[in-house]
Amino acid sequence: MYTPSEKDQLRRIEHHEADVVVVGAGILGCAVAVALGNQDRSVILLERSLKEPDRIVGELLQPGGVQALEKLGLRDCLEEIDAIKVFGYDVIYYGEEVAIPYPEDGRGGEASDEMRGTKRKRPEGRSFHHGRFIQRLRQKAMAHPNVTVIEATATEMVTSGYTGQVLGVEANVQGKPDSFFGHLTIIADGYASKFRKEYRTDTPVAKSKFWGLELIDAPLPMPNHGHVILGDGAPVLLYQIGTHETRALVDIPENTTSASVANGGVKGHIRNVVIPNLPRAVRPCFEAAIEKDRLRSMPNSFLPPKTNITPGLAILGDALNMRHPLTGGGMTVAFNDVVLLSDLLDPAVVPSLASTGLVLKQLKRLHWQRKSLSSVINILAQALYSLFAANDTQLKALQQGCFEYFKLGGNCVDGPVGLLAGIIRNPFVLIYHFFSVAVYAIWIYVASGGILAAPFRATIGSSMVFYKACAVLFPYIFSELRV
Ligand SMILES: Cc1cc2nc3c(=O)[nH]c(=O)nc-3n(C[C@H](O)[C@H](O)[C@H](O)COP(=O)(O)OP(=O)(O)OC[C@H]3O[C@@H](n4cnc5c(N)ncnc54)[C@H](O)[C@@H]3O)c2cc1C
């Protein structure tokens, strides 16, 4: 006699049938497979390559992501991978430094001031080699009695010709075509999603790329902190990902003249523009890495979220929603989405995933419930990138204002970094700090121009800075309001 769980396992292995088929065993796919498996759902997880990924993405998990991982019972995936504790950020603006530690966390029952963004007890993030973390997540999925992981490349959706309902996927398994069926198919195939375009007409927009290098034994100015370096070019990020390794991500906007072939390409840009802005102690490691390491790049895409409306289908993770990786928010959004989704699909609420109408209703709820965290992270990432990659007078004024705002300390640091960390989940806190930065930037812009420039700066100039702040923020707010 088979137990119910053994029967389900046989159905998965022999008949390729389950409650849920998940495409992509990356950050979101592994977490959702385990979370739904924990609810006694039978899950098939398809992944095109189970080898340890070697990528320059997903290497710093914000405290809000660590907290979500804990809720999913997956926090131990951060163990035994030589992960580094992260206590906050060090922002370096033309050589001047300001520390922005993660704020105290309000969890534990103490009062907190949500509107001003202050919290108690300091939480921690973690940085690591992406591939090692992914392998730990995959091991969890593989060890789960309700999850079957199969190395297979999904090639096509299987859809009912009558109802339009997604019934599963066709896939290539060891060179042979095969099919997998589930009441719910979750697409989590990442930034270059093959399937997304069948369900939405808009496409990701990438205005820059991150170029990645691995530095060895780099003496970072503030160990256990992410470093953001601002200077003449677009921002550079540095954070330790292992005892000896530090990830450097160099943002290069498209059509950057100093990165043109005539100017020596990306290496020329790094040598001539990036290295002179780096802390002196880090420069030799950077130069050594350019000589030795292969330069790899990834597009920094923006894609606002959209409600899932196709019966039998949920598109999640980067396939659904992306923001500039400057603030390292993608994994935090993904893990929090899994927490929310598993609550919404709890068997007490949705006894069978075959009830497609009810599942769709819950997915619509997910679209709005995820806003408190994902909107904050999406808008903050895009807005902060506009300021940090400033390429005109108004944005430069806002960039300087932002740095001076951080220097004020207290709530001027706790609020913004709490939002970035995924521990303050309130879009109004973001709007409050963004416009506080704008007003402070205008004050500095007017005060620093000298007596002759003051009449222009106090009137037309400051209006232009304020207009630019609105032009930066509002399109991203609107993109979050659509269905
Ligand atoms: C340069 C850069 C740096 C970043 N740094 C950070 C950071 O520090 N912190 C952070 O939180 N976020 C960061 N992100 C974002 C983060 O990497 C993503 O948000 C996160 O990986 C999304 O998870 P996912 O599961 O949607 O996609 P992925 O993790 O990319 O997983 C997708 C999976 O699907 C598989 N797959 C694809 N197609 C198929 C198919 N047809 N069949 C079967 N399997 C398939 C892939 O092999 C992969 O395993 C960064 C992004 C970029 C671009």
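Residues numbered from 1 in each chain as written. Predicted model: local features only at pLDDT ≥ 70, side-chain atom pairs only at ≥ 80, totals over all residues.

If you check an unreviewed UniProt entry, the protein chain appears there as Squalene monooxygenase from Cryoendolithus antarcticus. What UniProt states about the protein chain under its Pathway (unreviewed entry) heading is, verbatim, "Steroid metabolism; ergosterol biosynthesis." (UniProt positions renumbered as here; feature names shortened; annotations may be inferred.)

Now for the domain arrangement of the protein chain. Assigned domains of the protein chain: these are domain 1 (4–54 + 130–201 + 304–371), domain 2 (205–301) and domain 3 (373–481). Computed over C-alpha atoms, the centres of domain 1 and domain 2 are 34 Å apart. Residue-level contacts link 5 residues of domain 1 with 4 residues of domain 2. Within the side of domain 1 that touches domain 2, the residues separate by chemical class into 4 nonpolar, 1 polar and no charged. (Domains from an automatic or database assignment. Contact = placed C-beta atoms within 7 Å. Nonpolar A, V, L, I, M, F, W, Y, C, P; charged D, E, K, R; others polar.)

Time to look at the UniProt feature "domain: Squalene epoxidase" (unreviewed entry) in the protein chain. The residues that UniProt annotates with the feature "domain: Squalene epoxidase" (unreviewed entry) are residues 182–456. As a span, residues 182–456 carries 44% helix and 17% strand, and end to end its C-alpha atoms are 65 Å apart. (Helix = DSSP H or I, 4+ residues; strand = E, 2+ residues; numbered from the N terminus.)

Cross-referencing UniProt, the feature "transmembrane region" (unreviewed entry) maps to residues 20–38, 429–454 and 460–478 in the present numbering. With 63% helix and 21% strand, the stretch residues 20–38 has end C-alpha atoms that lie 13 Å from each other. In this annotation, residues 460–478 is assigned 100% helix and 0% strand; the end-to-end C-alpha distance for the span is 27 Å.

Before going further, it helps to examine the nonpolar core. Among the nonpolar cores identified, the biggest contains 141 residues, and V22, A31, V32 and L398 are the most heavily contacted of them. It is helix α9 (residues 371–388) that contributes the most residues to this core, 11 residues altogether. With residues up to four places along the chain from it excluded, the contact list for V22 reads G29, V32, A33, V43, L45, L46, I186 and A188. (Core = buried A, V, L, I, M, F, W, Y, C linked by C-beta atoms within 7 Å. Buried ≥ 20, exposed ≤ 12 C-beta atoms within 10 Å, placed from the backbone.)

Turning next to the site of the ligand. Contacts to the ligand come from 37 residues, most closely from G24, G26, G190, G317 and G330. For the shell around the ligand, the secondary structure elements donating two or more residues are α2 (27–38), β2 (43–47), β3 (60–61), β9 (153–159), β16 (296–302) and α7 (330–344). Examining the composition of the shell around the ligand, we find that 4 residues originate from one element, α7, more than from any other. Per-class residue counts for the shell around the ligand are 18 nonpolar, 13 polar and 6 charged. Here the shell around the ligand spans two domains, and each of domain 1 (4–54 + 130–201 + 304–371) and domain 2 (205–301) adds at least three residues to it. (Near = placed C-beta within 6 Å.)

So, on to the sheet that holds strand β7 (residues 125–127). With antiparallel pairing, 3 strands are arranged side by side in an open sheet as β3-β7-β4. Each of the sheet's edge strands pairs with one partner strand only, and the pair in question is β3 and β4 (84–86). As judged from the 2 bridges shared by β3 and β7, these two strands associate in the antiparallel manner. Of the residues in β7, the one forming a bridge with L60 is S127. (Pairing = 2+ DSSP bridges.)

A few words now on the sheet that holds strand β14 (residues 236–240). Strand pairing in a sheet is mediated by backbone hydrogen bonds. Such pairs are either parallel or antiparallel. The mixed open sheet is built from 7 strands, whose spatial order is β6-β5-β13-β14-β15-β12-β16. Of all the strands in the sheet, just β6 (96–101) and β16 have a single pairing partner and so form its edges. The mean angle between the axes of side-by-side strands here comes to 20°, regardless of whether they run parallel or antiparallel. As defined by bridge partners, strand β13 (residues 226–230) adjoins β14 across 3 bridges and the pair is classed as antiparallel. Bridging across to β14, V228 finds its partner in L237. Sitting on the sheet, helix α5 (residues 265–274) touches β12 (205–216), β14 and β15 (245–253), and the angle it makes with β15 is about 100°. (Axes fitted to C-alpha atoms, helices over the stretch in contact; angles between N-to-C directions.)

Turning our eyes to something else, we now look at the environment of E404. Within the secondary structure, E404 sits in helix α10 (residues 393–407). What makes E404 partly exposed here is the crowd of 17 C-beta atoms within 10 Å. C-alpha of E404 to C-alpha of L28: the two residues are 376 residues apart in sequence and 37 Å apart in space. Once residues lying within four places of it in the same chain are set aside, the contact partners of E404 are Y440 and I444.

Right, let's talk about the pairing of strand β5 (residues 88–93) for a bit. Among the 6 residues of β5, 6 are classified as buried, and the element is accordingly described as predominantly covered. Two elements, β5 and β6, share 6 bridges in a ladder whose sense is antiparallel. Within β6, the position partnered with Y93 by the bridge is E96. In this antiparallel pair of consecutive strands, β5 and β6, the connection spans 2 residues, and Y94 shows a positive phi of 45°. Pairing of β5 with β13 involves 5 bridges; the strand directions are parallel. Opposite Y89, over in β13, you have G226 as the bridge partner.

A large share of β2 lies buried, amounting to 5 of its 5 residues. In β2, alternate side chains face the same way, and those of V43, L45 and E47 on one face and I44 and L46 on the other are all buried. Where strand β1 (residues 17–23) lies against β2, 4 bridges are found, and the strand directions are parallel. Within β2, the residue paired with V23 across the bridge is L46. As a crossover connection, the stretch from β1 through α2 into β2 is right-handed. (Right-handed = clockwise from strand over helix to strand, strands pointing away.)

Packed helix pairs are specified by the crossing angle of their axes together with the interaxial distance, meaning the distance between the axes. For the pair α10 and helix α12 (residues 427–447), interaxial distance at closest approach is 8 Å and the crossing angle is 105°. Judged on the interaxial angle alone, α12 and α10 are roughly perpendicular. Taken together, the residues of α12 that come into contact with α10 (itself represented by A397, L398, Q400, G401, C402, E404 and Y405) are S436, V437, A438, Y440, A441, I444 and Y445. In the contact of α10 with α12, the residues fall into 10 nonpolar, 3 polar and 1 charged. (Parallel < 35°, antiparallel > 145°, perpendicular 65-115°, else oblique.)

This paragraph deals with the confidence of the model for the protein chain. Per-residue confidence for the protein chain gives a mean pLDDT of 94, with 96% of residues at or over 70. Taken as a whole, residues 107–116 scores under 50 in pLDDT and shows 14 contacts with residues more than four places along the chain or in a different chain. (pLDDT = per-residue confidence, 0-100.)

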